[in-house]
Amino acid sequence: MNNELEGGQPWPFHKFNENTDSRVVDDLTYNIRVKPITTAPKTPTIPQGRDTFETPNYAVDLLIPFIPKNIDFVWECAAGSGKIVNRLKHHGYGVYATDIRQNSGIDLIWNFVDPTAVPMFINYMRNMAIITNPPYSVKELFINRALEMDCPFAFLINADYSGLQINWIKKGCEKIIPNRRIDFITPTGRQGKTSASQFHSIWLTHGFNLGRTETFVELSLKEKKENI
Ligand SMILES: C[S@@+](CC[C@H](N)C(=O)[O-])C[C@H]1O[C@@H](n2cnc3c(N)ncnc32)[C@H](O)[C@@H]1O
């Protein structure tokens, strides 16, 4: 890019003349922003490929010590093939499994983010928590829906300091943060060494009464390798 414009002054000191400089401004824009900014579509009723990754056992095991002692029943509301369901059952919890997709391991097809629908059992299950790894593309809809339901929850989501996550903390959410990344099981079955997550994940909890907004937990390499 030639950064000296007509008039002899180098950019950005050049005085912009809107009649003559549009081509140059386009070039500058092109050079600065090589990739277009795109936002992936949200599809609350149709899961996308990136919404179907599954959770290794070690990620569930990190959460177990923090589940309040009065909770004995879990609603896994985006159950997929049942990885979290099976691990919670292994730890002694009763689990009700729903998903928007039919799958052999689920009890009911249910769109969790449908604002018009509340399952019957939520009214009388006092010792219940909602626990899942929500679909990546609509995780905020899941969290907002769970907040509306006023039921303790833990959602495994990517970690960041977006306005959304700051607001959830302001609404009383507390985070459990492992020292290593969770490597999810891909839709094609890759796991362990062959699946490396590109982001850090946390358990975002509400109603778990952890007493602080950030709790750090140890996730060993051995666990990541042997407890998938
Ligand atoms: C990231 S996967 C997690 C699967 C499982 N919970 C696990 O961790 O192994 C998210 C799941 O959410 C389901 N899903 C997507 N949109 C949904 C919705 N609106 N209501 C309920 N389930 C949904 C997908 O079908 C998918 O099985």
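## What about the overall build of the protein?
Per the secondary structure count, the protein includes six helices and eight strands. Listing the helices and strands of the protein from first to last along the sequence gives α-α-β-α-β-β-β-α-β-α-β-β-β-α. Buried positions account for 29% of the 228 residues belonging to the protein.

## Some words on the site of the ligand
Taken together, 22 residues surround the ligand, and among them Glu54, Thr55, Ala78, Gly80 and Asn133 come closest. Class assignment for the residues of the shell around the ligand results in eleven nonpolar, six polar and five charged.

## Examining the sheet that holds strand S5 (residues 153–158)
Reading across from one edge, S3-S2-S1-S4-S5-S7-S6-S8 is the order of the eight strands in this open sheet, with mixed pairing throughout. The sheet is open, and its two edges are formed by strand S3 (108–109) and strand S8 (214–217), each paired on a single side. Taken together, the six bridges between S5 and strand S7 (residues 201–206) define a ladder with antiparallel strand orientation. Each bridged residue has a counterpart across the sheet, and for Phe153 the counterpart in S7 is His206. Each of strand S4 (128–132), S5 and S7 touches helix H4 (residues 139–149); the most contacted strand, S5, lies at about 165° to it.

## A word on the environment of Ile46
With respect to the helices and strands, the residue Ile46 is situated in the loop between helix H1 (22–32) and helix H2 (57–63). According to the C-beta neighbour criterion, Ile46 is exposed, with 11 such atoms within 10 Å. Sequence-wise, Ile46 and Asn111 are 65 residues apart; in three dimensions their C-alpha atoms are separated by 9.8 Å.

## What about H4?
Lys139, Phe142, Ile143, Arg145 and Ala146 are the residues of H4 that are buried. Taken down its axis, H4 places every buried residue within 165° of arc, on the same side. On its buried face, H4 sits against S4, S5, helix H5 (163–170) and S7. The first or second residue beyond H4 is Asp150, which carries a positive phi of 55°.

## Observations concerning unusual backbone geometry
In this structure, Asp150 is a non-glycine residue whose phi angle is positive, near 55°. For Asp150, the position within the fold is in the loop between H4 and S5. Positive phi is not limited to glycine here, since Asn209 has a value of about 50°. Secondary-structure assignment places Asn209 in the loop between S7 and S8. Classification of Asn209 by C-beta neighbours within 10 Å gives exposed; the count is 11.

## Describing the confidence of the model for the protein
In the predicted model, the protein carries a mean pLDDT of 84, and 81% of its residues have values of at least 70. Note on residues 1–34: pLDDT is under 50 here. Beyond four places in sequence and across chains, it has 13 contacts.

## A look at the nonpolar core
If you look at the biggest cluster of nonpolar residues, it comprises 43 residues, and the most contacted ones within it are Ile131, Ala154, Phe155 and Leu204. Secondary-structure elements contributing two or more residues to this core are H2, strand S1 (73–76), helix H3 (83–90), strand S2 (94–99), S4, H4, S5 and S7. Those residues within four positions of Ala154 in sequence are excluded, and the remaining contacts are Leu63, Ala129, Ile131, Trp203, Thr205 and Phe208.

## Quick notes on the pairing of S2
Bridge count between S1 and S2: four bridges; the pairing is parallel. For Trp75, the partnering residue across the bridge sits in S2 and is Tyr96. Handedness of the crossover joining S1 and S2 through H3 is recorded here as right-handed. Examined bridge by bridge, S2 and S3 share two bridges and lie parallel to one another. When the bridges of S3 are listed, Asp99 appears paired with Ile109.

## Side note on the environment of Gly207
Residue placement: Gly207 occurs in the loop between S7 and S8. Looking at Gly207, the number of C-beta atoms within 10 Å reads 19, which means it is partly exposed. Counting along the chain gives 55 residues from Gly207 to Pro152, while the straight-line C-alpha distance between them is 4.5 Å. Aside from chain neighbours lying at most four places away, what touches Gly207 is Pro152 and Phe153.

Criteria and thresholds
One numbering rule holds for all chains: residues counted from 1, following each sequence as written. Local features in this predicted model are restricted to residues whose pLDDT is 70 or higher, and side-chain atom pairs enter the listing and the counts only when it is 80 or higher, whereas totals over whole chains, interfaces and linings include all residues. In this description a helix means any DSSP run of H or I spanning at least four residues, a strand means any run of E spanning at least two, and both kinds are numbered starting from the N terminus. With C-beta atoms placed from the backbone, a residue is labelled by how many other C-beta atoms lie within 10 Å of its own: buried for 20 or more, exposed for 12 or fewer, partly exposed between the two. Nearness between a residue and a molecule or strand is assessed with a C-beta atom placed from the backbone; a distance within 6 Å qualifies. Classification convention: Asp, Glu, Lys, Arg as charged; Ala, Val, Leu, Ile, Met, Phe, Trp, Tyr, Cys, Pro as nonpolar; all other residues, Gly among them, as polar. Any two strands with at least two DSSP-identified bridges between them are counted as paired. By definition, residues are in contact whenever their C-beta atoms, placed on the basis of the backbone, come within 7 Å of each other. Simply put, an axis is a line fit to the C-alpha atoms, just over the touching stretch for a helix, and the angle between two N-to-C directions goes from 0 to 180 degrees. Along the arc lie the directions from the helix axis toward the C-beta atoms. Note on scores: pLDDT gives the predictor's confidence for each residue, bounded by 0 and 100. As used throughout, a nonpolar core is a set of buried Ala, Val, Leu, Ile, Met, Phe, Trp, Tyr and Cys residues joined through C-beta atoms within 7 Å of each other. Every crossover in which the path from the first strand over the helix to the second runs clockwise, viewed with the strands pointing away from the viewer, is termed right-handed.

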